[in-house]
Amino acid sequence: MTSWKEQLGDRIPEQLGGEVDLFEGQIELKKQGKLEDKIFAETRLRRGVYGQRYDNGLRDDGTGQKPLAFPCGDLTKGPDTVWDAPGMMRIKIPFGKLTAEQLEVLSALAEETSDSILHVTTRQDIQLHFVHIEDTPDMMRRLAAVGITTREACGNSVRNVTACEYAGVCRTQAFDVTPYANAITRFLLGHPDVQDFGRKFKIAFSGCEDNPCGLVTFHDLGAVAQVRDGKRGFRVVVGGGLGAVPVQAKVLSEFCPEEELLPLAQAVSRVFARLGEKQSRARARIKFLVQKLGIDEFKRLVAQERESLRPDARWTAFLDDLHATDEKPIRPAGAIPGDASADFQAWAKHNLRPQAQEGYYVAIVKLPLGDFTSTQGRALADLARELTGDSIRCTVEQNLAFRWLSGADAVTFYQRLSALNMAAAGAGTITDMTSCPGTDTCKLGISSSRGLTAELRKRLSVLESELHPAVEALRMKASGCFNSCGQHHAADIGFTGVSRQVGGRKVPHFNIVLGGQWTENAKSYGLVVGAVPSKNIPKAVELITQHYLAHREGEESFQAFIARVGKKEFRKVLEPIQKPPAYEQDPSYYSDWGDPREYTIGDIGVGECAGEIVPFVEFGLQEAEQQLHEAQDALEAGHAATAAAGGFNAMVTAAKALVRHLEVQVNDDAEDVVANFKTHLDDTEIFHDPFAKGKFATYLLTMHQEESYKHADAETAHRTLDEAQLFIEAAHACYQRLTQAAAAAAAE
Amino acid sequence: MHATKLQVKLYAKTGQIEPDKLVPVFHEWIRTKKIPDELLIDVADYTHVPQGPGVVLIGHQSDYYLDVADDRPGLLYSRKRGFEGDVQAGIDEAFRRALNACRLLEQESRLGFEFATDEVVFRVQDRLRAPNEDATYDAYKPGLERAASAFFGASPSLERIGTAKEPFAVRIHTGSSGSVSDALGRH
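Only a predicted model underlies this, so the values are computations on that prediction, with no experimental measurement involved.

Colleague: Lay out the overall build of chain B in plain terms, naming residues and giving numbers.
Modeller: Counting its secondary structure elements, chain B contains 4 helices and 8 strands. Secondary structure elements of chain B occur, N-terminal to C-terminal, as β-α-β-β-β-β-α-β-α-β-β-α. Relative to its length of 187 residues, chain B is compact, with a C-alpha radius of gyration of 15 Å against a globular reference of 16 Å. Counting only residues that meet the buried cut, chain B has 48% of its 187 residues in that class. In chain B, of all internal contacts separated by at least 6 residues, the share reaching a separation of at least 24 is 60%.

Colleague: Would you mind going over the overall build of chain A in detail, with residue names and values included?
Modeller: For chain A, the helix and strand inventory stands at 24 helices and 26 strands. Taken over C-alpha atoms, the radius of gyration comes to 26 Å for chain A, in line with the 27 Å a tight globule of 748 residues would show. Dimensions of chain A, computed from C-alpha atoms along their principal axes, come out at roughly 75 × 70 × 55 Å. A fraction of 70% describes how many contacts in chain A between residues 6 or more apart in sequence connect residues 24 or more apart.

Colleague: Residues and numbers for the confidence of the model for chain B, please.
Modeller: Residue and element names in this part refer to chain B. For chain B, per-residue confidence averages 94 on the pLDDT scale, and residues scoring 70 or more make up 99% of the total. Looking over chain B, one finds the lowest element-wise mean pLDDT in helix 4 (residues 180–186), namely 94, and the highest in strand 8 (residues 168–173), namely 98. Complex prediction metrics read pTM 0.88 and ipTM 0.97.

Colleague: Please give an account of the interface of chain B and chain A that cites residues and values.
Modeller: Quoted interface sizes are often the accessible area lost when the parts come together. Between chain B and chain A, the residue contacts involve 29 residues of the former and 32 residues of the latter. Mapped onto the side of chain B that touches chain A, the elements with two or more residues apiece are helix 1 (22–32), strand 2 (40–46) and strand 3 (54–59) of chain B. Partitioned by chemical class, the residues of the side of chain B that touches chain A number 15 nonpolar, 6 polar and 8 charged.

Colleague: So, the domain arrangement of chain A: which residues are in play, and what are the values?
Modeller: Taken domain by domain, chain A holds domain 1 (4–144), domain 2 (169–321), domain 3 (342–419) and domain 4 (502–513 + 533–747). Each of domain 1 of chain A and domain 4 of chain A has a C-alpha centre, and the two are 36 Å apart.

Colleague: Can you break down the packing of helix 7 (residues 261–275) of chain A against helix 9 (residues 295–308) of chain A residue by residue, with the values?
Modeller: Any two packed helices are characterised by the angle at which their axes cross and by the distance between the axes. Residues and elements named next belong to chain A. Here helix 7 crosses helix 9 at 115 degrees, and the two axes come no closer than 8 Å. Relative to helix 9, helix 7 is oriented roughly perpendicular. Crossing of helix 7 over helix 9 shows right-handed handedness. Two secondary-structure elements touch here, helix 7 through Pro263, Leu264, Ala267, Val268, Arg270 and Val271 and helix 9 through Leu301, Val302, Glu305 and Arg306. Per-class residue counts for the contact of helix 7 with helix 9 are 7 nonpolar, no polar and 3 charged.

Colleague: Kindly report on unusual backbone geometry, identifying the contributing residues and their values.
Modeller: Glycine aside, a negative phi is what most residues show, and trans is what most peptide bonds show. Residues and elements named next belong to chain A. One non-glycine residue with positive phi stands out, namely Asn421, at about 60 degrees. For Asn421, the location among the structural elements is in the loop between helix 13 (410–419) and strand 20 (434–435). Of the residues examined, Asn421 has 16 C-beta atoms within 10 Å and is grouped as partly exposed. The backbone of Glu685 sits at a positive phi, close to 65 degrees, despite the residue not being glycine. Counting through the fold element by element, Glu685 comes out in the loop between helix 22 (670–682) and helix 23 (695–706). Glu685 gets classed as exposed once you count the C-beta atoms within 10 Å, which come to 11.

Colleague: Describe in detail the pairing of strand 5 (residues 74–79) of chain B, supporting the description with residues and values.
Modeller: All names here are of chain B. By the criterion of burial, strand 5 is predominantly enclosed, with 6 of the 6 residues buried. Residue alternation in strand 5 divides its side chains into two sets, Gly74, Leu76 and Ser78 and Leu75, Tyr77 and Arg79, and both sets are buried. With 6 bridges connecting them, strand 4 (residues 62–67) and strand 5 associate as antiparallel partners. Bridge assignment links Tyr64 to a residue of strand 5, and that residue is Tyr77. Hairpin connection, strand 4 to strand 5: the antiparallel pair is bridged by 6 residues, and Asp70 has positive phi, about 60 degrees.

Colleague: Hey, could you go over the environment of Val49 of chain A for me, with residue numbers and the actual values?
Modeller: All names here are of chain A. In this fold, Val49 is placed in strand 1 (residues 49–50). Counting along the chain gives 535 residues from Val49 to Glu584, while the straight-line C-alpha distance between them is 43 Å. Excluding residues that lie within four positions of it along the chain, Val49 makes contacts with Arg44, Gly87, Met89, Ile133 and Thr136.

Colleague: Can you break down the nonpolar core residue by residue, with the values?
Modeller: Nonpolar side chains in soluble globular proteins generally cluster together in the buried interior. With 272 residues, the main nonpolar core has Ile184, Ala654 and Phe727 of chain A together with Leu75 of chain B as its most contacted residues. In terms of residues, this core owes the most to one element, helix 21 (residues 640–661) of chain A, which gives 12 residues.

Colleague: Talk me through the sheet that holds strand 22 (residues 493–502) of chain A; I want residue IDs and the actual numbers.
Modeller: All names here are of chain A. The 5 strands lie next to each other as 20-21-22-23-24, forming an open sheet whose pairing is mixed. Where the open sheet ends on each side, the last strands, each with one partner, are strand 20 and strand 24 (527–533). Where strand 23 (residues 505–514) lies against strand 24, 6 bridges are found, and the strand directions are antiparallel. Note that in strand 24 the partner of His509 across the bridge is Pro533. Contacts between helix 17 (residues 537–551) and the sheet are confined to strand 22, strand 23 and strand 24, with strand 22 contributing the most and set at about 135 degrees to the helix.

Colleague: So what about the sheet that holds strand 11 (residues 203–206) of chain A? Which residues, and what values?
Modeller: Residue and element names in this part refer to chain A. Strand order in this open sheet of 5 strands is 10-11-12-13-14, and the pairing throughout is mixed. Single-partner strands in this sheet number two, and they are strand 10 (162–163) and strand 14 (250–257). Relative to strand 11, strand 10 runs parallel, the two sharing 2 bridges. Its bridge partner lying in strand 11, Ala163 is registered against Phe205.

What counts, and at which threshold
Along each chain, residue indices are assigned from 1 in the same order as the chain's sequence is written. Just so you know, chain letters begin at A and ligand numbers begin at 1, following the order they were written in. Restriction of local features to residues with pLDDT of at least 70 applies here, the model being predicted, together with a cutoff of 80 or more for giving and counting side-chain atom pairs; totals for whole chains, interfaces and linings are based on all residues. Secondary structure elements are taken from DSSP: a helix is a run of H or I of four residues or more, a strand is a run of E of two residues or more, and numbering for both begins at the N terminus. The globule rule is 2.2 Å times the number of residues to the power 0.38, and the radius of gyration it is compared with is taken over C-alpha atoms. The burial label depends on the number of other C-beta atoms within 10 Å of a residue's C-beta. Counts of 20 or more mean buried, 12 or fewer mean exposed, and intermediate counts mean partly exposed, with C-beta atoms placed from the backbone. Contact criterion: two residues are in contact if their C-beta atoms, reconstructed from the backbone, are within 7 Å. Every residue gets a pLDDT, meaning the predictor's confidence in that residue, from 0 to 100. Residues are grouped as follows: Ala, Val, Leu, Ile, Met, Phe, Trp, Tyr, Cys and Pro are nonpolar; Asp, Glu, Lys and Arg are charged; all remaining types, including Gly, are polar. Where each domain starts and ends follows an automatic or database-derived domain assignment. Axis lines are fitted to C-alpha atoms, over the contacting stretch for helices. Their N-to-C directions set the angle, which ranges from 0 to 180 degrees. For this classification, under 35 degrees means roughly parallel, over 145 means roughly antiparallel, 65 to 115 means roughly perpendicular, and everything else is oblique. By convention the crossing between two helices is left-handed if the near helix lies anticlockwise of the far one by an angle smaller than a right angle, and right-handed if it lies clockwise. Following DSSP output, two strands are said to pair if at least two bridges run between them. By our criterion, buried Ala, Val, Leu, Ile, Met, Phe, Trp, Tyr and Cys residues that link up through C-beta atoms within 7 Å make up a nonpolar core.

Given below as structure tokens:
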């Protein structure tokens, strides 16, 4: 055989095969210069072929940005994206469900085209990194042959549909959401009504209200199983999202009967495609449309759209066989042996959960940073075939769940995991952190979220047996930037990467976010307490947890404690470690976790001109941060309007500092500041982020124009403060870019 | 049967290898273009994964791993693309580059690494052209014997390892007790 296409033949479904052939043809057209960059980029994204850090052909080696001399020359696979640069392949795994055979194919692909590592994402996908684009068509064929498509894994499309990993075996579920998640996946995949979105669209299912596994409240569309008068249906929410500004989804329907779920999703899609923002990427998610229209008007439009839909047999066809996705145990049910070892007991405490079906358990394989090797993947596939059947699920906490494990086999399962070095205890505890790829591979990463997570995991694992139960129960999550792929907003202790300028050098930091709620489908989000240098984050975790244990009342939960004492108190706790030492005292602060390169991008010196200007602008930015902190305190105290006004003022202060940095005369009046900001920093694109473009400037300009901060309710105030936080971060970044440019000009 | 994606692993002599020490070394190799005829791109740190790929120097043509699979640390050379030549030339080239990387690591005094030459694992990461079966072994065996003899100077013994689901792999007992430099100097 000379090709995978020939080798696999009829095993590749005809439609999927045709799509891959088309994509392969597009690759050839691009190589011949017959396809535009932008079109090809969206084409490959919709096939799951994603960019990766340094794919613009430039990389800072710690002494400055250097070109990477790829042999492809000028050939690109998108704007500023070099053809030969390694990329990431995102592989959609609907509701995380994997068969043993699929796991084996994924493992083989990881070895042959990547670096032998399979990475589970926070949305139940599998990602392979350092993949060459020309390897991707055959990867897609091999995946298609085992029932996996990468279609619409990225791009402005319906992303992987997620669902709780306990669906079907959970003791608290209303019913198994798996067949519904499966039906909506199939119905919307490639559907003409979802091809014209301005941004991505994420759907999640949950089997119950109280447990967090589905996390529906931060999804574009979420469905929570409900039974009313014996009839199945869903509470449907819309317009949630994390990202730069987290928003809780709004209720679209208190009870959508099961037969109405697919048409409702279609109607929502049509409204989003028709009215959603298309020009400004920053405001193109459906959450902005829902905010703009208001949930009542949005509901009205969806209802109107639903009325106009032409009936489709697929809406209800799946209801005829809701058991099509059922799993069957391959081993008889049994009890866990009473004389199992202490090691097993320690593992079972958090990693085994009894199913609704007596005598069976869900076993969680806790993965370090969501990673496992191809060798482990094959061994896990063998284990599934032997003990649990095709019932593996990727989880949103970047682990693997094995369902239908008989209690009688639990010790054997544990022993086999131990032999694979995969029997880490503490699933779902503070040692089980999740993290986005961050600066390791993501183009948008600001700080090393994986490096931080690895460090915290290492330190906490040593202490695991000594952790106080109240601390052990906390969840920590890290994102390398404001885009929140690590879902830090919903953690007890969350981290989001930012950078700060100290003495003319950049220092990696993380903003600490406290008080997010993981339970009840991520019912509430945290707020930023303050930025701490990356290298001080382990100390910060220690201080936060010690403060909690020392001052909590009785069995008070962490969230109740945060709500009672307020974030202001935690700012005092963290204050001593917020300032990094000078570079000369300890240069380790000036590089990130797991990366010895100096964090500074380029050879930034401290020019004399910059030296004079730096204190003033930094003073202004610090003042803005102080105003923001006061606004956060006001929100905590229940003064929403004051908080929102304070958030807006903080943005104006940051904007004023930058405008003055450009030596533009401006007074303290917000009108004057905003006008000058627009002229000198927005219109000129000086303020624009290289990736987010004008997104953060829009926050100030829109807020000023719409005066949304006036008479704000709690939700609006919360959003205002989130936007203010991001605006101030963007101001820091802008200032750093200006400093670099000044230094470069001085050097010339 | 002609595949590009060849791997060669040589094991470390000492059991005290700390893979994370490789991270700054590999970053420096990128900065100083330590392997001048290859494009070195980035460093991937997987030291958090037990028995995993360890630390990987990602390149365009090849990757270099300080691999800790099976709890046996070693240097794994992994060619990905950019080689044109026959099977024998491909095997010889993979052996040479693996040995060269071992020598470069041995020269990093801060690491204190030393590699053994008595055992080599050869793999082909291409299940289409080189499935792990007897026919593939028959096709690669002469070339592997020639390369092992040429580099290590003794009569090697070969053993095909792994299952049909794993990549084609051969464990080579070279019979050598010499150094990495000896092996490179001999070929």
